Amino acid sequence: MSSKISDERLAEILGSDMAMGTSEQVGALIWELAREVSEYRAREAAPVTGETSDGYHTFNELYEYRMLYNAHAAHGWLAAGIPVVKSWRHSDGEECFGGGWFIVTAELPAGQVSNHYEAKHWGLFKVPEVETAPVWDGHTPQDAARRLRVEAEHERKPSEAVTDDE
């Protein structure tokens, strides 16, 4: 952040020996800096939307990529014998987010992972549909990321495919 308070203004407030400013001068500087910070925040505080960008991708793009990668992962897991299902309802029978959304749940060897998607993406997830999703094991996003990392780091041979007996 570039300050609008110039060196000349600081010298004016604090005098030529900045370290020797009076409490009134220091108080004036603090109030002026607080005003500058408040004005900066008001100017710079833009609402976060799907079009908010990190300079490379927008949130909308990143969510789209995540959804497409997850659809591919779900198909691969299913082909490897890992249980993956989709449902319009959570395990308690309630519609996901009140309707218009569905949940995809995978039971990886490292643990359960799940994500919700808008109804328009239903057809991309070519996995079995169930009446209600499996009971959520309480995983957090951090738990899911750890479980995904464990699976990504573990090279499974075709003979190691998970079966219903496991």
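To keep things clear, this report deals only with the structure shown in the data block.

Each value, and the rule that gives it
Think of each chain on its own: its residues are numbered from 1, step by step along the sequence as written. Confidence filtering applies because this is a predicted model: local features only for residues at pLDDT of at least 70, side-chain atom pairs given and counted only at 80 or more, and all residues used for totals across whole chains, interfaces and linings. Side-chain metrics rest on all non-hydrogen atoms present in the structure, leaving aside hydrogens and water. A helix here means a DSSP run of H or I that spans at least four residues, while a strand means a run of E at least two residues long, and both kinds are numbered starting from the N terminus. A simple rule labels every residue: compare its accessible area, found with a 1.4 Å probe on the protein chains alone, to the largest value its type can have, and call it buried under 20%, exposed over 50%, or partly exposed in between. Contacts are residue-level and defined by heavy atoms, with any inter-residue pair within 4.5 Å sufficient. Working definition of accessibility: Shrake-Rupley area with a 1.4 Å probe, residue cover restricted to the visible protein chains. Take a side-chain nitrogen of Lys or Arg and a carboxyl oxygen of Asp or Glu: if they are within 4 Å of each other, that pair is a salt bridge. Put simply, two rings from Phe, Tyr or Trp (the six-membered ring, in Trp's case) pair if the centres are within 6.5 Å, and we call them stacked under 30 degrees between planes, edge-to-face over 60, tilted for the rest. Charge over a ring is defined by NZ of Lys or CZ of Arg lying within 6 Å of the ring centre and within 35 degrees of the ring normal. Following DSSP output, two strands are said to pair if at least two bridges run between them. In this analysis, the expected span of each helix is defined as 1.5 Å times one less than the number of residues it contains. As used here, the arc is the angular range of directions from the helix axis to the C-beta atoms. Any residue with relative accessible area above 30% and no salt bridge may belong to a patch, with like charges joined within 9 Å and the nonpolar Val, Leu, Ile, Met, Phe, Trp and Tyr side chains within 5 Å.

## Some words on the overall build of the protein chain
- Across its full length, the protein chain carries four helices and three strands.
- Taken from the N to the C terminus, the helices and strands of the protein chain come in the order α-α-α-β-β-β-α.
- Relative to its full complement of 166 residues, the protein chain shows a buried share of 22%.
- Taking all contacts inside the protein chain whose residues are at least 6 apart in sequence as the whole, residues at least 24 apart take part in 51%.
- Only carbon and sulfur atoms are counted for the fraction: they give 56% of the accessible area of the protein chain, which is about 11500 Å².

## Looking at the pattern of salt bridges
- Scanning the entire structure with this criterion turns up two salt bridges.
- Here Asp137 ties to Arg147 by a salt bridge, and the two come within 2.8 Å at their closest N and O atoms. Taken as a pair, Asp137 in the loop between β3 (111-118) and α4 (141-153) and Arg147 in helix α4 lie far apart in primary sequence, ten residues in all.
- Taking the relative accessible area as the measure of exposure, Arg147 reaches 11% and is therefore buried.
- With a shortest N-O distance of 4.0 Å, Arg149 and Glu153 are connected by a salt bridge. Here the residue Arg149 and the residue Glu153 both occupy positions in helix α4, the gap between them amounting to four residues, near one helical turn.
- Its relative accessible area of 60% is what places Glu153 among the exposed residues.

## Describing the packing of aromatic side chains
- Scanning all chains against the criterion turns up seven aromatic pairs.
- Summarising the aromatic geometry, the rings of Phe102 and Trp122 are spaced 5.0 Å apart at their centres and angled 80 degrees between planes, so their arrangement reads as edge-to-face. You can see Phe102 sitting in strand β2 (residues 101-108) and its partner Trp122 sitting in the loop between β3 and α4, a full 20 residues away along the chain.
- The positively charged end of Lys86 is found above the aromatic ring belonging to Trp122, 4.1 Å away from the centroid.

## Quick word on the pairing of β2
- Of all eight residues in β2, six are buried, a share of seventy percent or more.
- By the bridge criterion, four bridges tie strand β1 (residues 84-87) to β2 in an arrangement that is antiparallel. The residue bridging Val85 from the neighbouring strand is Thr105, located in β2.
- When β2 meets β3, the two strands line up antiparallel, connected through eight bridges. Note that in β3 the partner of Thr105 across the bridge is Ser114.

## What to know about helix α3 (residues 59-79)
- Look at α3: 30 Å from first C-alpha to last across 21 residues, which is about the 30 Å you get at 1.5 Å a residue.
- Buried within α3 we find Met67, Ala71 and Ala74. All buried residues of α3 lie within an arc of 65 degrees about the axis, which places them on one face of the element. Relative to its buried face, α3 has exposed residues pointing more than 90 degrees away, namely Tyr69, His72 and Ala79.
- The secondary structure elements touched by the buried residues of α3 are β1 and β3.
- Positive phi shows up at Gly81, right after α3, with a value of about 90 degrees.

## Considering a nonpolar patch on the surface
- Together, Val48, Phe59, Leu62, Tyr63, Tyr65 and Tyr69 line one region of the surface with nonpolar side chains, adding up to about 670 Å² of accessible area.
- Along the chain, the position of Leu62 falls in helix α3.
- According to the relative accessible area criterion, Leu62 is partly exposed, its value standing at 36%.

Geometric descriptors of this kind do not, in isolation, establish any biological role.
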